[in-house]
Every structure is written in structure tokens, then in C-alpha cells.
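In case you want the letters, here they are:
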Amino acid sequence: MKTNSDTLLEFGSIPVIEPEYLGGVLATSSDIALLVDTNIEINSLLLNKSEKSYGNLNHWIGRKLTDFLTTESIPKLLSAITKLESGETVLYGLELNHVDNAQWQFPIRYNIHRLGNDGKIILLGRDLQTVSENQQKFVKAQIAVEQSIEEKRELDAHFKILLSKTTDSLALINAGSGEVMFSNPTFQETFFRDGDDLENISLQSLLSNRAERKGFIEKITIAAHGNYDVSEELNTNKGEIIFSINPDIYRAAGQQILICKFFPKTIRKKGEQELIDNLLSTFHNSPDAIIFTDIKGTIQYTNERLLDLTNSSHKNDVVSKNLSEFLGRGEIDLAIMLENVLKSGAVKTYSTHLKSSFGTKIDIEASVSRNTSDDNGLIAFIVREVLSTSGSSRSNSSQTTTKNKDEITAKELVGSATLKEIVTDTTDVIEKICIEAALEITNNNRAAAADLLGLSRQSLYVKLSKLEI
Amino acid sequence: MVEKNTKNNLNSNELLISNLVFSALKTSKQHLTRPANPEWIEHAGQLLFSSSLSKTFEQDRALSELVALGFKTDTIVDHCIPVAATLLGDGWVNDTLSFSECTIGTSNLQILLKFIGQNRERACDETSGNRYLICSHETEQHTLGALIIGDMLRRKGHSLKVQLSTNYDEVCRLQSTSHYEAIFFSCASYLSIRETAKCVRQVRKMLKQSVPIFLGGSNIEEISQGVDLSCFDLVTNSLSAVNDYVSNKKKRELALDAGALIQ
């Protein structure tokens, strides 16, 4: 047989099939064969005799084929017919979903051909029901998997919340290897610093005495079975501290898991009391103001030096007030320092002014750190009066480091959005920060905030609405 | 001395402005993740479409390819995966893909979505956002849309329960026990949108309290023609519209409660 690229069988390469045989050929070479006219009306329908599942489809004859197709299949059929009418050959298989009285659906893959110039079209279809059933099973299985992942996610959320709300240091440890499988934030804050890699950490690696590491997990396992605590000196991020370890043991997924709670013992190590005494002396006698605030900037403790710098007569004039009240740029200064200290743990040098109760300003440099040893998470500010430019070199070096980090941020941003978008968005953010700061400073007095920002009230209202403040 | 003070003030101001600008840049960076050129998204969607149909599809390799092109994972979820899914759907409509290929391709996109979600650090404190029930009806075979919406909402701090292949009994049970602030249905086919609307009408009848119910889906305009969707509070693909609707409803209820207390 000869073929060409369009019709596959060249004219004359196969013998003429007599009509009484053609029906049989069509009925056996396809599962369903439909003869439709120019109005897409079904003139004739042939079913493969071995195909019993369709039942009787004689009621299709004389009706439009589109009456028995699902909504999404109709445009596909019409598109293929348009191609045939324009003289093209539809070489691809046409997947259509049949529907009959909305009772059931079945998918058929058709080959569609023109029979002559009278507009008659024949569709030879192969049943895809088996494929479709397998696909349905696959989709059902996938949905079941998705649903179980969602359920796991829900349990994960409960588990994480439970861990994070447990105030004691808590860790789940593989009793075979000593690997810390899960731990809560208190445990992580006690034994590690920000940025430490917590992967593949073992409990025995926390032991101060390296010689005791071998056999330590067995010791804890025995204690768990015997229901008693073990005292050990462990390396924390604040040095070596003696802990009472309260272990318990359970089995999950074929593994033996130790659940350990760690309680620091109050026994002070040699020299620790001396250090505390020295720190207290430094706090009271320092030529710099030392201020402890909560994470919102409310002053909790300060030494006398802050009273000198702000011309305040009594500690009650500063304690419980917000530090921003004494800073040159108020909320803006405080927000920048707090944001940085909460992100990176410390701010080396930050230059601004301090306002005295008489309204005068003095130049200051502040260094800020977070006091993680305290559950209240206090922030420590050391504020130094700048009397000369001697400190500028340190300040410059700090600025250089910050600049390098910021340049990296800028490099990451450039390319991910256009300059116009970056500038517009950044401007919006700056406007938002400044307006929020102005509103904070003025206790939400919009008229005063507009004055402070050099804006008309109308302009401020427009910006408040635009920025959703 | 005056000169020195001025110089110090200048340094201090420069540092302040610099900090402010870079703080703003960092904030902007968090949401300016969409590449500037939409053609990049189309290109990435096309790449993902091709790899989703590959017999050797591997989610980590597909992700690495897009990350190497400069795409952030959030952009991949919000833009690239939906483009690839649309291309798969178009493939079936144009008969260039069989429905089996579409199913496998969509399933691979779903695997990629799950892979990205599982590797993302997720804050477990979801106390500030709204509480949503995200559903797809049992007649809906395409659950990718619901899962993408879920990922987007979770990233914005909302707390969700995703219930796939559900029916009105289950929706009523969940809503009665957990009082979600809104229910969101995702639809992708002509059949499921009709069945979903029917289900929501039954839910409305069964539930004593009124709850906002939304409908979304990437081809919702096309498949919703001729379907009565009056049972939905909003038919939208805009998550901000959904969030605004719920927030405004909460504000109205608070105001009503306050009014009742005063009286």
C-alpha cells in the first residue's frame, strides 16, 4: 500500500470496499462509529458487537451529536469539523466525553474523516473507559494522599505549637544514636546561637566532659527506664551549666525515642558570683548610660547616667517611659535599633541625638544587644555621649559593614523587579514608616502628624488611605 | 566645634536615611518577587509544562531549573505553576494532549507544589490572620487550584483547613464544629461548578449561622456561564478581595456587638 503525508492511503492503493462489507469493517475496526451530516445530526450509528456496556444507543439517530457531548467537548468537535470543511485533514485523535441524559459519561477517542463532497462525516471511536477508570482511580488515590498530607500538616502545627509553648528545655532524642530529632525553642536558645546548624546534633556532643560522652546515651536510657533524673554539666551558649536531665522513653515507628527535659541547676560555678558583682558595679558606676528596655522600648531599668544625660531629676522620670521619648528622631531611631537587634542580636554603633527635659540635644552613640538570658527578652542599650569625632572611625567601619550587607540586599532585588517598581515600592514603604512614626509621636493626632511631616491634612488623609494605615 | 557638630549631625542623618532606605528595600524585596518581565513567567511556565510531561520528571530538578533562572519559590507557586497548568488544560482542549497526559502533568505540578511547601520554613503561629475552610467538591478532579490558594493564604498568615473531595454533609459538619470565618470553593470543570453550587445551596439551608462562601478557579468565567452562582458571596480569584470581605464583615459584627452593648 502506498501512503502520502495527508491521507495515509493513496487513492487506488486499496480496493473499493463493497457497501455490505464496509459496515462490518467500520463496526469491527472501531468500538463506535458515527455518521453525521452537515448539521452534525447523527444519520447512522454502529457499535462493535463485542462492546456491550453502551446498551442501546438507537435514540441518538436523528439527534444532534452535540446533544450527547459534555460542555467542554463541544468546542473540540466543532473545531475539528471546521477544519474538515476547510479541506484540512484532522490527523490527531479527538478525545470527546459523551453524556446521555446526564446519567453517565464515557470518553471516546475518535478519528474524524470526511466521506465525500456532500458534507458527510464519519467518526470512528475507540473506547477509553478502561483508561478513564484507571485515571479516576489514580486521581482518587492522589486526592487521598493530598488529604492525608493536609491532616499531617494539621498535626504538625499542633506538635510545633505544643513544643514552642513548652517553657522547659525539651528535646526528643533517638535512643540509638543520640541524635536530637526535635527540640523546642527554649532548648535551642539554651544550647545554640542564632545561625548554628541544628542538623545532626547529638545529645552527647553537649556534654562538657568529652571523656563522658561515650556511654552517655546508655546512661540516660537506663535513667529513663529507672524513672530517675541525671545531673550533668552541659555546654550552653552561656558557658558550662549543670543541668538536671529528666528522661522518659517511648517507641514510635520502630525507634526508641528519649524525651528529655533539661532543668538548669542554680548551683553557681566558681567565679560566677564575682562576675555578677563586677557587672552590678559597672552598671552603677559606668560613665555611659546603661538602659534595659522591653522589646517595645519601654525602659525597665537604667543607671544614673541616663538621668544626667537627659537632665532628669529622678529615676521615676525615665523608668516605664518609652526610650523613643528621649531619642532625637523618636520612634524612627528606636524602630531602626530594635529591628536590627531583634534580627541580628546586636547593633554595634548607632549615632543619633538624645533630648534632655530642657529640649536641648546632645550627640550620642548607642550600642544595643539583646539580653537572651532573661525570659522577658530585655534589650540592653549602652548610650555614650559623643564629645569629639574620635569615634567616627569605628562608626565608619560599622557603617561599611552595614553598607556591604545592604548592597547584597540591593543586588538581590535588582533584576527581580524593574527600577521603577523598586523605587515606587520603596518610596511607599518609606512613606508608610514615616507616617506611622509621625502618628506614634503625635499620639495619633493627624493634624499634628501632618505638621510634623510638612504635609497638608488632605495630603496626609490621601496617603493614609493609599497606604492602608 | 560648630563645624564638628554639623559634621556629626550630617553623618547621623545620612546613616538614618540609609538605614531607612535599606529597611524599605528589604521590606519591598519580600513582596517584589515577581520578575519584571511577564514574558519570563510565560517562559518559565512553558519550561515547567514541558518538564511536567517528561517521563523522567523530578520535582527537585524542575525547581532547581527555575531557581537558576532567578525565580523565587513564591513566584513559582503563584505564577509559574498556574501558567503550566493552563497550558496542560489547553493541550487537552486542542487535542495535543490526551487526558491521561494532562492528569500526569497536573499531578507532577502538584508534587512540585508540595515539595516547595514542605521545604519552606513555615511560621506555626497563625493567630493574626483569618481562619478559612478551603474545599473542592467530590465531583472535582482538579485539586491543584485549591492547593495553590491554600499555599498563598498560608503565606499571608491565615490559618486553613483544606478539605478535598468533600460534600455538603462534611462541609456542614466542619463549619458547625469549627466556625470558620469563610469557606472557599475551588472549581475547574463544567460539571463540578454545577455540583458545587448545588452543594453550597444545601449548605446554606443546613447551617444556622451565616458564613461567607466564595468561589474561585483559574477558568471560572468560562465554566460558570449559565450557572446560578447567587449562593456565593463572591466569585473571584482575588485573595485580597476575599480577605477584605472577611475583614469588613468582622468589623461590621464588632460594631454591631458594640452597639448592642451600649443599648
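Being a predicted model, the structure only gives us computed values, none of them experimental.

What counts and how
Every chain is numbered on its own, with residues counted from 1 as its sequence reads. Numbering of ligands from 1 and lettering of chains from A proceed in the order in which they are written. Totals for whole chains, interfaces and linings use every residue, but because this is a predicted model, local features are given only for residues with pLDDT of at least 70 and side-chain atom pairs only at 80 or more, for both listing and counting. Hydrogen atoms and water are omitted, and side-chain values are computed over all heavy atoms in the structure. Here, a salt bridge means any side-chain nitrogen of Lys or Arg that lies within 4 Å of a carboxyl oxygen of Asp or Glu. Helix and strand assignments come from DSSP, with helices taken as H or I runs of at least 4 residues and strands as E runs of at least 2, each series counted from the N terminus. Here the term buried applies to any residue with accessible area under 20% of the maximum for its type, exposed to any over 50%, and partly exposed to those in between, with areas from a 1.4 Å probe on protein chains only. Any Phe, Tyr or Trp ring, taking Trp's six-membered ring, that has another such ring centre within 6.5 Å forms a pair; planes under 30 degrees apart are called stacked, those over 60 apart edge-to-face, and the others tilted. We call a charge positioned over a ring when the NZ of a Lys or the CZ of an Arg lies within 6 Å of the ring centre and within 35 degrees of the ring normal. Confidence of the predictor in every single residue is expressed as pLDDT, which spans 0 to 100. Contacts are residue-level and defined by heavy atoms, with any inter-residue pair within 4.5 Å sufficient. Any two strands with at least two DSSP-identified bridges between them are counted as paired. Every angle, taken between N-to-C directions, lies between 0 and 180 degrees, and every axis is a line fitted to C-alpha atoms, over only the stretch in contact when it is a helix. We call a set of buried Ala, Val, Leu, Ile, Met, Phe, Trp, Tyr and Cys residues a nonpolar core when their side-chain atoms join them within 4.5 Å. An automatic or database domain assignment supplies the residue ranges for each domain.

With that settled, consider the pattern of salt bridges. Going through the model one piece at a time under the given rule, you end up with 25 salt bridges over all chains. A salt bridge links Glu150(A) to Lys114(B), with the shortest nitrogen-to-oxygen separation between them at 3.9 Å. Of this pair, Glu150(A) sits in helix 3 (residues 129-165) while Lys114(B) is found in helix 5 (residues 99-119), placing the two residues in two different chains. When sorted by exposure, Glu150(A) lands in the same class as Lys114(B), which is buried. Between Glu253(B) and Lys249(B) there is a salt bridge, and its shortest N-O distance comes to 2.6 Å. One end of the pair, Glu253(B), and the other, Lys249(B), are both in helix 10 (residues 239-262), four residues apart, so they sit about a helical turn from each other. When its relative accessible area of 36% is taken as the criterion, Glu253(B) is described as partly exposed. For Lys249(B), a relative accessible area of 18% gives the class buried.

Right, let's get into the packing of aromatic side chains. Under the criterion given, the structure shown has 13 aromatic pairs over all chains. Ring geometry for Phe187(A) against Phe191(A): centres 4.8 Å apart, planes inclined by 50°, an arrangement best described as tilted. A residue pair is termed a helical-turn pair when its members lie 3 or 4 positions apart in one helix, as Phe187(A) and Phe191(A) do in helix 4 (residues 185-191) at four residues. On the accessibility criterion, Phe191(A) (6% relative accessible area) is buried. With 6.5 Å between their ring centres and 85° between their planes, Phe243(A) and Phe262(A) make a pair best called edge-to-face. Within this pair, whereas Phe243(A) is found in strand 9 (residues 239-252), its partner Phe262(A) is found in strand 10 (residues 255-264), the two being separated by 19 residues in sequence. Looking at Phe243(A), the relative accessible area reads 1%, which means it is buried. Note that Lys76(A) overlies the ring of Trp92(B), its terminal NZ or CZ placed 3.2 Å from the centroid.

Residues and elements named next belong to chain A. When pLDDT is averaged across chain A, the result is 82; 87% of the residues are at 70 or more. Mean pLDDT values for the elements of chain A range from 53 in helix 9 (residues 392-413) up to 94 in strand 6 (residues 169-174). Confidence over residues 389-399 falls short of pLDDT 50; this stretch has ten contacts with residues more than four positions distant or in other chains.

Bringing the sheet that holds strand 15 (residues 379-385) of chain A into the picture now. Residue and element names in this part refer to chain A. If you walk across this open sheet you meet the five strands as 12-11-15-14-13, and the pairing is antiparallel. Of all strands in the sheet, those with a lone pairing partner are strand 12 (299-302) and strand 13 (346-355), marking the two edges. Taken over all neighbouring pairs, the strand axes of this sheet differ in orientation by 30° on average, direction set aside. Judged from the seven bridges that link them, strand 14 (residues 361-370) and strand 15 form a sheet pairing that is antiparallel. Across the sheet, Arg370 pairs through a bridge with Ile379, a residue of strand 15. The strands that helix 8 (residues 331-344) touches are strand 13, strand 14 and strand 15; relative to strand 13, the one it contacts most, it runs at about 165°.

All names here are of chain B. Judged by nonpolar contacts, the single largest core of 45 residues is most densely connected at Leu48, Ile76, Ile81, Tyr132 and Ile134. When residues of this core are assigned to their parent elements, the largest contribution, eight residues, is made by helix 4 (residues 73-93). Here this core spans two domains, and each of domain 1 (7-123) and domain 2 (131-262) adds at least three residues to it. Leave out the neighbours within four places in its chain, and Ile134 touches Ala146, Ile149, Leu153, Leu160, Lys161, Val162, Gln163 and Phe184.

Right, let's talk about the environment of Tyr168(B) for a bit. Residue and element names in this part refer to chain B. Structurally, the position occupied by Tyr168 is in helix 7 (residues 168-178). Residue class for Tyr168 comes out partly exposed when judged on its relative accessible area of 26%. In the structure, Tyr168 is positioned 38 residues away from Met206 in sequence and 8.9 Å away in space, judged by C-alpha atoms. The contact partners of Tyr168, leaving out residues within four places of it in the chain, are Cys199, Gln202, Val203 and Met206.

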